[in-house]
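This is what each chain is made of:
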2 protein chains.
Amino acid sequence: MTKDTIKPALASGFKDYLPDEMIPRQKMLDTIRAVFERFGYAPLDTPGLEKEEILTGGDPDFKMNIFKARINESGEDMALRFDLTVPLARVMAGNPELKKPFRRYQIGKVWRGERPQAGRYREFVQCDADIVGAKSMLADAEIIAIIYTAMKDLGIKNFEIRINNRKILNNLYAIADFDKEKTNMVLRAMDKKDKQGWQKVEEELKNEGLSDKSISLIKEFTSKSETDDPELNEIASYLDAMDIPRSAWKIDLSVARGLGYYTGTVFETILTDLPSIGSVCSGGRYDGLTARFGGDSLPATGTSFGIDRLYAALSELGLVNATASIAKVIVLNFDEQSLPKCLSVSSSLRNNNISVELYQGSETSLTGQLTYAVKKGFSAAVIIGADEVDKNTVQIKNLKTKEQNEISDSDVITEIYKII
Amino acid sequence: MTKDTIKPALASGFKDYLPDEMIPRQKMLDTIRAVFERFGYAPLDTPGLEKEEILTGGDPDFKMNIFKARINESGEDMALRFDLTVPLARVMAGNPELKKPFRRYQIGKVWRGERPQAGRYREFVQCDADIVGAKSMLADAEIIAIIYTAMKDLGIKNFEIRINNRKILNNLYAIADFDKEKTNMVLRAMDKKDKQGWQKVEEELKNEGLSDKSISLIKEFTSKSETDDPELNEIASYLDAMDIPRSAWKIDLSVARGLGYYTGTVFETILTDLPSIGSVCSGGRYDGLTARFGGDSLPATGTSFGIDRLYAALSELGLVNATASIAKVIVLNFDEQSLPKCLSVSSSLRNNNISVELYQGSETSLTGQLTYAVKKGFSAAVIIGADEVDKNTVQIKNLKTKEQNEISDSDVITEIYKII
């Protein structure tokens with residue numbers, strides 16, 4: 001056997017989420033999903049694999065390193081999706097009967113064949129909400145309200161949603177007197193200011209041949225947080241009407257969002273206690289979503305939560321409760337004669353919507369099992385021996401306070417509810 | 001532009017889940033997930049892509065048609081996982097520090113390059129719960145209790161969990177007097193009895209050269225629902241102790257579960273109103289899970305819910321509520337002057353955990369918007385015009401009863417709760 005043994009290794013750039021990490025991670029995803037649904041966004045699911053031309057747009061110079069997939073040597077050219085936006089565009093173009101505006105969220109894995117780095121993986125979860133077919137700034141304001149509500153519900157106190165409009169930045173070359181063709185480079189450089197500071201941005205702009213005067217004009221213009229832009233002002237009025245406090249967002253003319261496809265509003269979300277982590281949730285308007293598939297071009301606006309970055313941030317802020325146990329209650333199991341009652345009590349607790357683990361490990365002593373229970377982080381242990389079977393009682397131990405009480409069978413549910 | 005247009009098509013054998021299907025499907029997954037958690041099973045997530053040798057076990061004759069994946073021409077040989085069990089085995093072998101028994105569930109996509117057929121896709125969701133490192137039949141009984149509870153929680157009234165043990169069937173050749181090497185063929189044939197009937201099974205066995213006498217002995221033996229098998233009897237006693245009614249399960253010596261890797265208990269779940277659909281939830285014990293990775297071999301038992309089959313069955317039984325709207329309440333929006341109040345009321349409803357869509361479609365009239373609201377299946381519409389702004393009220397229309405009432409602003413939440 002030994003010579004045929006296979007090493008249980010992951011492919012390079014991939015990672016497992018074991019329960020201690022997956023439990024709080026899933027709680028985070030559930031929180032965000034609940035917010036999406038509260039705003040009337042419905043779930044959509046699309047395949048992990050798409051025809052390759054759908055993903056590349058048929059562009060022979062397509063740059064992103066995607067995973068190509070094949071069955072045998074024949075068959076279609078397929079690839080793993082690298083985001084959830086291109087599949088959304090395909091769905092909208094392929095199902096013209098869908099009522100507009102179409103509000104959907106999608107939570108799913110995407111794959112990119114980038115060089116693996118610390119904390120960056122080749123597979124990650126995207127968590128997107130978009131509204132398709134709504135031209136009004138009301139749609140952009142709704143997306144920003146979703147971000148605000150999600151941040152609150154995740155327990156994050158100090159954050160700032162920074163809002164800008166790409167139409168303003170597209171005109172920056174005239175204001176700051178540089179070559180129009182350099183606009184994209186300038187915006188990409190500006191995107192680095194939170195993570196690397198303005199000095200780095202200035203160096204980069206200088207290296208790219210911008211004059212000191214242009215750089216100074218860029219800095220001056222983009223440090224403004226007021227504007228006469230009608231779209232931004234319209235959004236501001238809607239946010240006020242939705243009772244979203246001004247302390248949670250601001251207009252910030254330096255927000256660029258490097259990606260080429262934004263056409264209007266852009267926004268990003270900074271944790272003010274951890275600005276160097278960069279934006280944890282960004283997005284914007286990208287009218288022309290379905291252009292590559294012909295037909296009517298649809299206006300769209302949306303946001304994407306950076307789940308891995310958010311999780312790292314929540315951990316650092318002490319907002320993640322790492323735990324290996326999903327159940328709150330453990331029923332110990334150290335006496336074969338009492339096992340039937342242990343099973344019955346477990347069932348009855350579960351029927352009352354209480355999450356219960358019945359001990360099935362190798363410790364046979366009460367003490368050994370209690371040690372396990374404390375280590376794994378349960379709130380309460382139910383202890384049933386021969387005495388308790390005889391007397392129609394159980395012992396309930398509060399594992400935080402160490403208090404232990406003998407309770408009659410009929411009061412078990414009530415008593416457990418008090419502890420958990 | 002037209003000549004570059006790409007057809008918005010799915011790859012062959014794949015499908016989208018649009019909201020009207022995805023909303024009830026996700027509800028079904030949430031129900032099953034809640035049951036897993038109530039039994040103390042914790043979530044695990046593993047990558048969609050694995051090293052190819054992990055999936056094939058290094059077997060050069062590996063038969064399943066899997067999707068191979070590559071970045072560029074260089075790099076590792078990778079493939080898309082075809083189930084969630086092999087990744088579980090890799091996790092257990094690679095993380096020996098995980099406490100046993102290890103109870104995990106995993107809900108995720110898997111891919112198989114089979115020929116596409118009606119209702120069968122190349123990507124599907126598996127929904128598995130397994131307990132690793134527990135030798136006792138208590139673990140098997142716990143898995144069966146999970147199936148029972150999930151079926152109840154899904155609202156399915158008539159179902160039957162059929163339980164057998166592969167050790168009994170491995171001895172069938174002696175009982176029914178056929179060649180031992182034909183055992184696997186016989187078990188695979190027996191698996192077809194629910195979908196195709198016993199007559200078909202008999203024909204197949206005859207074609208494979210079994211004598212009439214052997215066939216008759218197989219039929220006689222496997223039609224028993226009583227046994228002196230100690231493992232099955234132990235499971236039965238645990239199910240009784242867990243208060244799982246005898247009407248929900250039976251011992252059935254004809255249950256084979258074709259897959260080669262089962263080593264003990266096997267079970268399947270039949271909807272008695274729809275037996276021809278086959279098993280909607282099956283599983284069993286497969287001791288030796290981590291054998292291909294060397295080291296200690298671990299006992300394991302678990303189950304997998306066939307989500308697509310279950311969904312089809314629930315639809316046929318009328319237990320699926322197809323709906324295109326995730327929100328229960330719509331706030332209409334037909335008067336620009338009233339929009340700020342519409343936004344404020346929407347926020348306040350959402351802060352009270354009520355799911356709300358603010359109308360953003362192209363209908364500008366109240367009647368047009370109400371028609372949309374009824375069609376999309378909302379329960380209540382909130383109507384705010386200039387009058388209501390002046391009087392600090394809103395109109396609330398119950399879209400089922402058509403009753404409409406004017407309510408003062410402070411009572412909106414209470415009134416909406418009454419309707420939804």
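Residues numbered from 1 in each chain as written. Chains lettered and ligands numbered in written order. Predicted model: local features only at pLDDT ≥ 70, side-chain atom pairs only at ≥ 80, totals over all residues. Heavy atoms only, no water.

A. Spatial organisation of the relation of the copies chain B and chain A. If you rotate chain B by 180° and push it 0.0 Å along the axis, it lands on chain A with an RMSD of 0.0 Å. These values place the two chain copies in the arrangement generated by a two-fold rotation axis. Residue Ala69 of chain B, judged by its C-alpha, is the member of chain B lying nearest the rotation axis, at 2.1 Å. Interface overlap between copies: 99% of the residues of chain B at the interface are likewise at the interface in chain A, consistent with a symmetric, same-surface contact. (Least-squares fit on C-alpha atoms with pLDDT ≥ 70 in both. Contact = heavy atoms within 4.5 Å.)

B. Representation of the domain arrangement of chain A. By domain assignment, chain A separates into domain 1 (19-176 + 225-317) and domain 2 (329-419). Inter-centroid distance (C-alpha atoms) of domain 1 of chain A to domain 2 of chain A is 46 Å. (Domains from an automatic or database assignment.)

C. Region of the structure containing the sheet that holds strand β16 (residues 404-408) of chain A. All names here are of chain A. Strand order across the open sheet formed by five strands is β13-β12-β14-β15-β16, with mixed pairing between neighbours. Edge positions in the open sheet fall to β13 (356-358) and β16, since each of these has one partner strand only. Within the sheet, the average angular offset between the axes of one strand and its neighbour, ignoring direction, is 25°. Note: strand β15 (residues 393-398) against β16, five bridges, orientation antiparallel. Residue pairing in the sheet places Gln395 in a bridge with Glu406 of β16. The sheet strands contacting helix α13 (residues 339-351) are β12 (329-331), β13, β14 (380-383) and β15, and the helix crosses β13 at an angle near 165°. Across the face of the sheet, helix α14 (residues 366-375) comes into contact with β12, β13, β14 and β15 while running at roughly 160° to β14. (Pairing = 2+ DSSP bridges. Helix = DSSP H or I, 4+ residues; strand = E, 2+ residues; numbered from the N terminus. Axes fitted to C-alpha atoms, helices over the stretch in contact; angles between N-to-C directions.)

D. Up close: the UniProt feature "binding site: L-histidine" (unreviewed entry) in chain A. All names here are of chain A. In the numbering used here, UniProt assigns the feature "binding site: L-histidine" (unreviewed entry) to Asp83, Leu84, Thr85, Arg112, Gln126, Asp130, Arg257, Tyr261 and Tyr262. By secondary structure assignment, the location of Arg257 is in the loop between β8 (249-251) and β9 (265-271). Structurally, Tyr261 is set in the loop between β8 and β9. Take Tyr261: its relative accessible area is 36%, and that puts it in the partly exposed class. (UniProt positions renumbered as here; feature names shortened; annotations may be inferred. Buried < 20%, exposed > 50% of the residue type's maximum accessible area, 1.4 Å probe, protein only.)

E. Examining helix α1 (residues 19-38) of chain B more closely. The terminal C-alpha atoms of α1 of chain B lie 28 Å apart, and with 20 residues this matches the ideal 28 Å at 1.5 Å per residue to within 8%. Of all 20 residues making up α1 of chain B, 15 are buried, and the element is well covered by its neighbours. (Expected span 1.5 Å × (residues − 1).)

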